[in-house]
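# Residue-level structure breakdown
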Amino acid sequence: MYSNMDDFYNFWEPLHLFAEGYGFKTWELSPTFALRSWAYILFHYLPAHLGKVLGGGDKRVMFFGVRIFLAMTSGLAEAAFYRAVVDNISMRAGRYLFFMLVFSSGMWNSTAAFLPSSFAMYATMLAYSFCMKPSSLSDNRRTFAATLLFATGAIVGWPFALALSFPFVFEELFVFSGDRVLPEEKFAWMSKRWFRMATSVLAAALIFIPVIGVDSLAYGNLEIVPWNIIRYNIFGGEERGPNLYGTSPWTFYFSNLVLNFNILVPLALLSFPALVITYNVDRRRLGYTPPSSSNSSPFTILALRLAPFYLWLLILTIQPHKEERFMFPSYPLLCFNAAMTVYLMRGWLEVAFIKVTKSPYQASRTTMFRNFTFSIIVGTIVISLARIVALYKYYHAPMGVAFNFQMHELPRLLNDTGLLPVYPANLPEDEQPSIDLTAIQEFNLTLCYGKEWHRFPGHFLVPNGVQVGFIKSEFDGLLPGHFALPPNDQPGFNDLNLEEPSHHVPIEQCDYLVDLDFPKNPVSSKLEPRYAQDSATWERVYCEDFLDTRHSMLLTRVLWFPGKAWSRNNQFGDYCILKNKASVAEKEAKVTRRYSDNPLY
């Protein structure tokens, strides 16, 4: 309900097209480029339609219906992942993982986001819920299920997430894991493992058939979207590719992960060294068995479970273009690595305590070890909750403004012009009917975004009958256009991020404008004047605080704690929806005259 993270243009808008028949279109959705899978988008139509039925056609209910569906899907995947760790590694490690998954702000951001990387995260969690069990020739279900889930995450979601399966594939092909193999049986064993892996891959590849079918039908050509994504991002050439949209230093993901997972990040990065230390000081922790040419060490198996997070972090760090959502598929694995580090560190403390006291009995009675792990878990929970509240309080204004526009400003327009039905004043709140905004189309309103175009919360949060447009700002890249009726594909889309003037509307056409103003630290230019200060033209309908990161202290802007002593280190701007006084007044008068002259009114 309160998360801010989403890609509204690439996924919510095409879903809105199916639900309501219109929406914004990005260049990635143009048949010329075909970089977004319609199969993935259509997968979310059912919860949207269910929300429409239950909500009486209210698009806001559709929006949150999809988010609830995504959160439930993630919750089920997290439960399976947690259960697998408890059953195959340790109940304590599973318990630590449980609290890390539930309370971390990174998971809060990613679980309900309508993004292919979030879908890949669900699939990765489910795949590793099978992978936690050691591979064995007696368990074909593990191999097939994990392969199918990895393939689903890559084909339906995000193809690059397939890299997270590499340690699993390596284990399947080369590591004894759960099998005990005599030297003379090794070739036959490996042949069976390779054959099983090959057949699982071929079976999982069948997922391509419906995905390619849906995408090709939607685009009007044979399209393999996963390959299109790989081709554009890796083989696009110097003039194209993701670097057009910005590059970041190698430290980006480390900083971003600390924001989302705080102390869990160094714990996750220490999981490999912690495993090495445990091998030397607490070998029985994992049920150590002597090295043998016919079986695998539990330390080797656990190392393969810890490897995917390191691999993913390495791959993304060396890429110049970086985004927070790219890390989503590895978030549960980060929590797993951190949980294992805490579990292994507790073992060191127990070994050290027994060595000093010479008393295993005292070790079983002391609360020192429990207090150690408890302090880590509580510490990360407190910091994570402070981060979650900060994200809501500091950056939720774009959705809050959209809510006020639908729930207050538009009903006011209908009420002032006599188009809002009059209900008995004494009706209990639970019996009051929802406000029908259908008549708002009579006003032919246009809601505009300028420099705040990238924070537009999507058409699901803007009632039907209100057009949305973009005015020219300092941004000189390619803005989204509008979907045209098939089979036409409107011109103006390119993969070079070149500006398309036809995607702008003149400011004179705007009845309402969403804009951000910083009264204490004003910033303006010819293309981005301070509209909120132009009281002769614009009236502030509703404003919410929005953090001014440039003039706020680092610690207080990334976390929220109650009290003025904390908040006084931050400065805020006004995130407002503004009303064009003359334009709206003229339309109000016009609608009033039209219906007052109608004898049937």
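Per an unreviewed UniProt entry, the recorded name for the protein chain is Mannosyltransferase, and the organism is Candolleomyces eurysporus. Per UniProt, the comment on the protein chain under Pathway (unreviewed entry) is "Protein modification; protein glycosylation." Entered under Sequence similarities (unreviewed entry) in the UniProt record, the comment concerning the protein chain runs "Belongs to the glycosyltransferase 22 family."

### Quick look at empty space enclosed by the protein
Tallying each qualifying case throughout the model produces 3 cavities of 30 Å³ or more. The computed volume of the largest cavity comes to approximately 50 Å³. The set of elements that each furnish at least two residues to the lining of the largest cavity consists of helix 20 (397–416) and strand 2 (445–449). Counting residues per element, the lining of the largest cavity draws most heavily on helix 20, which supplies 3 residues. Tallied by class, the residues present in the lining of the largest cavity amount to 9 nonpolar, no polar and no charged.

### Looking at the state of the cysteines
Scanning the entire structure with this criterion turns up 2 disulfides. Cys-448 shares a disulfide with Cys-510; S-S distance 2.0 Å. Its S-S torsion of about -90 degrees marks the bond between Cys-448 and Cys-510 as left-handed, since a negative value means left-handed. With Cys-448 in strand 2 and Cys-510 in the loop between strand 4 (481–482) and strand 5 (512–517), this pair connects stretches of sequence that are 62 residues apart. Grouping residues by exposure puts Cys-448 and Cys-510 together as buried. Across the disulfide, Cys-543 is cross-linked to Cys-576 (sulfur-sulfur distance 1.9 Å). Its S-S torsion of approximately 110 degrees makes the covalent link between Cys-543 and Cys-576 right-handed.

### Let's talk about the sheet that holds strand 6 (residues 538–547)
Taken in spatial order, the 5 strands line up as 3-2-5-7-6 in an open sheet, and their pairing is mixed. The open sheet has two free edges, formed respectively by strand 3 (466–470) and strand 6, since each of these has just one partner strand. The mean angle between the axes of side-by-side strands here comes to 25 degrees, regardless of whether they run parallel or antiparallel. Summarising the sheet, strand 2 and strand 5 pair through 3 bridges and their orientation is parallel. Its bridge partner lying in strand 5, Cys-448 is registered against Leu-513. Strands in contact with helix 20 are strand 2, strand 3, strand 5, strand 6 and strand 7 (572–580); relative to strand 6, the strand with the most contacts, it is inclined by about 155 degrees.

### So, helix 10 (residues 186–204)
The end-to-end C-alpha separation of helix 10 is 27 Å, in line with the 27 Å expected for 19 residues at 1.5 Å each. Looking at helix 10, one finds that the buried residues are Trp-189, Arg-193, Arg-196, Met-197, Ser-200 and Ala-204. Along the axis of helix 10, the buried positions cluster into a sector of 95 degrees, meaning they face one direction only. Facing away from the buried surface of helix 10 by more than 90 degrees, the exposed residues are Phe-187, Phe-195 and Leu-202. The secondary structure elements touched by the buried residues of helix 10 are helix 8 (140–157) and helix 9 (166–174).

### Here we look at a nonpolar patch on the surface
Taken together, the side chains of Ile-224, Trp-227, Ile-234 and Phe-235 make up a nonpolar region of the molecular surface, amounting to roughly 420 Å² of accessible area. For Ile-234, the location among the structural elements is in helix 12 (residues 225–235).

### Topic: the UniProt feature "transmembrane region" (unreviewed entry) in the protein chain
Per the UniProt annotation, the sites labelled "transmembrane region" (unreviewed entry) are residues 61–81, 114–131, 143–170, 194–214, 257–279, 299–318, 330–349 and 369–390. As annotated, residues 257–279 has a helix share of 87% and a strand share of 0%, and its two end C-alpha atoms lie 28 Å apart.

### Some thoughts on the nonpolar core
In terms of nonpolar packing, the biggest core is built from 105 residues, with Phe-81, Met-100, Leu-257, Phe-261, Met-327 and Phe-336 touching the most fellow members. When near neighbours in sequence (up to four residues on either side) are disregarded, Phe-261 contacts Ser-104, Gly-106, Met-107, Tyr-331, Leu-334, Cys-335 and Thr-380. Membership of the second largest hydrophobic core comes to 33 residues, among which are Tyr-9, Leu-447, Val-468 and Tyr-595.

### Concerning the pattern of salt bridges
Inspection of every chain in the model, using the stated rule, returns 29 salt bridges. Of the charged contacts in the structure, one is a salt bridge between Glu-28 and Arg-36, with a shortest N-O distance of 3.6 Å. Taken individually, Glu-28 and Arg-36 each receive the classification buried, so the pair is uniform in this respect. Salt bridges sharing partners connect three or more residues here, namely Arg-92, Asp-282, Arg-285, Arg-346 and Glu-350.

Rules of the game
- Residues numbered from 1 in each chain as written.
- Predicted model: local features only at pLDDT ≥ 70, side-chain atom pairs only at ≥ 80, totals over all residues.
- Heavy atoms only, no water.
- UniProt positions renumbered as here; feature names shortened; annotations may be inferred.
- 1 Å grid on protein atoms, 1.4 Å probe; cavity = no way out; pocket = protein on both sides within 12 Å on 5 of 7 lines; lining within 4 Å.
- Points joined across faces, edges and corners; volume = space filled by probe spheres on them.
- Helix = DSSP H or I, 4+ residues; strand = E, 2+ residues; numbered from the N terminus.
- Nonpolar A, V, L, I, M, F, W, Y, C, P; charged D, E, K, R; others polar.
- Disulfide = S-S within 2.5 Å.
- Buried < 20%, exposed > 50% of the residue type's maximum accessible area, 1.4 Å probe, protein only.
- Pairing = 2+ DSSP bridges.
- Axes fitted to C-alpha atoms, helices over the stretch in contact; angles between N-to-C directions.
- Contact = heavy atoms within 4.5 Å.
- Expected span 1.5 Å × (residues − 1).
- Arc of directions from axis to C-beta.
- Patch = residues over 30% accessible without salt bridge, like charges linked within 9 Å, V, L, I, M, F, W, Y side chains within 5 Å.
- Areas by Shrake-Rupley, 256 points an atom, 1.4 Å probe, with all protein chains shown as cover.
- Salt bridge = Lys/Arg side-chain N within 4 Å of Asp/Glu carboxyl O.
- Core = buried A, V, L, I, M, F, W, Y, C linked by side-chain atoms within 4.5 Å.

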